[in-house]
Structure formats: C-alpha cells, structure tokens
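Now for the letters of each chain:
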Amino acid sequence: MRDIYAWSAIGLIILASATGDVLLSYSMKRVGHVGELWKRSGMLALIGRILSIPTFALGLAAMGVAFYSLLFGLSWGNLSLVVPASASLTFVANAVAARIFLHERVGRRRWLAALLVAGGVVLMAI
Amino acid sequence: MTFRKYLVLAGITLFSTAGDSLLARGMKDSGSISLHNISGLLLVILNPWVALGILSLLAFFSCYMSALSWADLTYVLPATSLGYVLVAFIAHFGFHEMISPTRWIGIMMIAAGVAFAAAGPSVSPMRGHRAAEPSSEAVSQEVNS
C-alpha cells in the first residue's frame, strides 16, 4: 500500500516538474543572460524583469506542486527510491518536452547522455 | 563555457543534493504525513532540518535559473543529475541505506552521461546561429510582444 502511495507521488513529481522545467527554461530564455543583466541594470531590475514574465509564475507553481509531491513521496518511501525514480523519468520526459516545446536540438550526444543518465538512475532504483 | 559557468553548474549539484538530504532528514523526524492531516504538512516547515533544506533549495533554484538563462534545458539537466550520485553517497554514508552493486553501476552510468553532455555545446546550434544574426533583436522583440 505504501508503494502505491510512493509511486503515485513519483508520477505527480514527474508531470509537475517536467511542466515546470519547460516553462521556467522558456521564461529564462526570454529574460536573457542573467549575469550580464545583473551587471548592466542591477539585481532589482533583474528580479522585476523575471517576475514580469507570466510563464515564470506558472512554472513556479508547477515546481511548487512537484516540491510538495516530493515531500509526500519522501515521507512514504526511501530517499534512495523516490529521488532516483522520479529523477530518471523526469529526465526522459524533459528531453522529449524540450525537443517538442522548446525546439532544442537534441543531438546524438544529448540523447546518449539522456539514456545513460536515465538508465543509471533506473539501476539505482532497483 | 567560462569558469564562472561551471561554478554555477556545481552550485546546482551541491545545493540540490544538500536540499534533498536535509529535507529527507527532517521528514524522518516527522514520520509519515497523511492526506487527512494537511496542517502537519504546513507545520513541517518549522522543523530546522526542513527549513535548512528549503534554504538550500532556494540557493539551488537561483543557480538553476541562472544556468537556464544561458544554456539549453537538455544541457543543464544532465549536469543537475550528478546530484543523484551525491544523494546516493549521502544515503549510504549518512543514513546507512544499502547500496548494491547494480546501484554502483547506475552511479557510474550517470557520471558517464553527465560527462558526455557537459563536453558538448551548451546551447542549441540553431539558437546560437540566430543570436549571431543582426536581426536577432527584432526577432526577440517579436517574441516578447
């Protein structure tokens, strides 16, 4: 019974954090290079610019859902199951989502990296 | 990739690992949380381990946002997954959770994958090309509006 709880928390983490990652990455690309903006116009202007992008708030909300699912998951399952299992599947979901929604060019090198990391994380979860 | 950028990626790894581990430590104190007891979920933030974990995760988030502003999501993510190797070490040495040979193989695969992605370009060639064009300003304005 605890396993079902842990795995449904894991499923929610994957969905919410993939959504959040894509939204946040999209938002930060629109903000531009954070280091240069900080130097040019200061921290407050930078924060203001980030907060003025609506998808950033949406991404944060999705990350909040993922965070609380992680808290639930960690109280129901082992650290060494919940963290790797949700990570590996989030990783694959993110690579696919980044390709579709962010139009990132995921070349042979990155697919290999994605598969190695996801496979490694699965092995860790066994 | 400059030294400062690698520093930001290292910050992602370290702070996310510290955050996860501190949270796990705090959650072990408070035991299982049930769906019937939502106030317990909010009060859990008062636990010092959980509070420290949340601070670490905030530091992680700043580094993560900074990295996402100059690198692809598919580039940053493998770098972040190095944290899961660290989590395994902490789970083993800190919480005395068992680490089997298969798990060690998994750890090595993750490390190899991270090295593979980190050695490649950090931004999609398409985007880098577009940024180099003089019309990029007009394009980004169009996107922003």
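Source: prediction; values computed, not measured.

## Digging into the overall build of chain B
1) Next: When helices and strands are tallied, chain B shows seven helices and zero strands.
2) Next: Its helices and strands taken in sequence order, chain B reads α-α-α-α-α-α-α from the N to the C terminus.
3) Next: Of all intrachain contacts in chain B linking residues separated by at least 6 positions in sequence, the fraction that spans at least 24 positions is 76%.

## Quick notes on the overall build of chain A
1) Next: Along chain A, the regular secondary structure elements total five helices and zero strands.
2) Next: Helices and strands in chain A line up, N terminus first, as α-α-α-α-α.
3) Next: Dimensions along the principal axes, computed over C-alpha positions, put chain A at roughly 50 × 35 × 25 Å.
4) Next: Relative to its 126 residues, chain A shows a buried fraction of 51%.

## Observations regarding the packing of helix α4 (residues 73–93) of chain B against helix α5 (residues 101–119) of chain B
Residues and elements named next belong to chain B.
1) Next: Where α4 contacts α5, the two axes come as close as 9 Å, and the packing angle between them is 155 degrees. With respect to their mutual orientation, α4 and α5 come out roughly antiparallel. In this structure, α4 meets α5 at a crossing whose hand is left-handed. Here Tyr75, Pro78, Ala79, Ser81, Leu82, Tyr84, Val85 and Ala88 of α4 come into contact with α5, specifically with Arg103, Ile107, Ile110, Ala111, Gly113, Val114, Ala117 and Ala118.
2) Next: For the contact of α4 with α5, the class distribution of residues is 13 nonpolar, two polar and one charged.

## Side note on the interface of chain A and chain B
1) Next: Taken together, the 42 residues of chain A in the interface contact 42 residues of chain B.
2) Next: Elements that contribute at least two residues to the side of chain A that touches chain B include exactly α1 (2–31), α2 (34–51), α3 (54–76), α4 (79–101) and α5 (108–125) of chain A.
3) Next: Per-element tally for the side of chain A that touches chain B: the top contributor is α5(A), with 11 residues.
4) Next: Its residues assigned to classes, the side of chain A that touches chain B shows 26 nonpolar, 10 polar and six charged.

## Looking at helix α3 (residues 48–70) of chain B
1) Next: For α3(B), built from 23 residues, the straight-helix expectation of 33 Å at 1.5 Å per residue is met to within 8% by its first-to-last C-alpha distance of 34 Å.
2) Next: What α3(B) keeps buried is the set Val50(B), Gly53(B), Ser56(B), Leu57(B), Phe60(B), Cys63(B), Tyr64(B), Ser66(B), Ala67(B), Leu68(B), Ser69(B) and Trp70(B).

## With respect to the environment of Trp49(B)
All names here are of chain B.
1) Next: Its location among the elements puts Trp49 in helix α3.
2) Next: The class of Trp49 is partly exposed, set by 18 C-beta atoms lying within 10 Å.
3) Next: Put simply, Trp49 and Ser69 are 20 residues apart on the chain and 30 Å apart in space, counted from C-alpha to C-alpha.

## Notes on the environment of Pro78(B)
1) Next: As for its position among the elements, Pro78(B) is in helix α4.
2) Next: Separated by 33 residues in sequence, Pro78(B) and Ala111(B) have C-alpha atoms that sit 9.0 Å apart.
3) Next: Sequence-distant contacts of Pro78(B), defined by excluding residues within four places in its chain, comprise Ala113(A), Val117(A), Gly113(B), Val114(B), Ala117(B) and Ala118(B).

## A word on the nonpolar core
1) Next: Grouped together as the largest cluster of nonpolar side chains are 75 residues, with contacts concentrated most on Phe91(A), Val117(A), Ile12(B) and Ala67(B).
2) Next: Only α1, α3, α4 and α5 of chain A together with α1 (3–30), α3, α4 and α5 of chain B provide two or more residues apiece to this core.

## As for the packing of α4(A) against α4(B)
1) Next: In the contact formed by α4(A) and α4(B), the axes pass within 11 Å of each other and the chain directions differ by 170 degrees. Here α4(B) runs roughly antiparallel to α4(A), going by the angle between their axes. Within the contact between the two elements, α4(A) uses Leu79(A), Ser80(A), Val83(A), Pro84(A), Ala87(A), Phe91(A), Asn94(A), Ala95(A) and Ala98(A) and α4(B) uses Leu73(B), Thr74(B), Leu77(B), Ser81(B), Tyr84(B), Val87(B), Ala88(B) and Ala91(B).
2) Next: Here the contact of α4(A) with α4(B) is built from residues that sort into 13 nonpolar, four polar and no charged.

## Examining the confidence of the model for chain B
Residues and elements named next belong to chain B.
1) Next: Summarising the model, chain B shows a mean pLDDT of 76, and 77% of its residues fall at 70 or more.
2) Next: Note on residues 127–145: pLDDT is under 50 here. Beyond four places in sequence and across chains, it has six contacts.
3) Next: Interface confidence for the predicted complex, expressed as ipTM, amounts to 0.78; the pTM equals 0.74.

Reading guide: rules and limits
Residues numbered from 1 in each chain as written. Chains lettered and ligands numbered in written order. Predicted model: local features only at pLDDT ≥ 70, side-chain atom pairs only at ≥ 80, totals over all residues. Helix = DSSP H or I, 4+ residues; strand = E, 2+ residues; numbered from the N terminus. Contact = placed C-beta atoms within 7 Å. Buried ≥ 20, exposed ≤ 12 C-beta atoms within 10 Å, placed from the backbone. Axes fitted to C-alpha atoms, helices over the stretch in contact; angles between N-to-C directions. Parallel < 35°, antiparallel > 145°, perpendicular 65-115°, else oblique. Left-handed = near helix turned anticlockwise from the far one by under 90°. Nonpolar A, V, L, I, M, F, W, Y, C, P; charged D, E, K, R; others polar. Expected span 1.5 Å × (residues − 1). Core = buried A, V, L, I, M, F, W, Y, C linked by C-beta atoms within 7 Å. pLDDT = per-residue confidence, 0-100.

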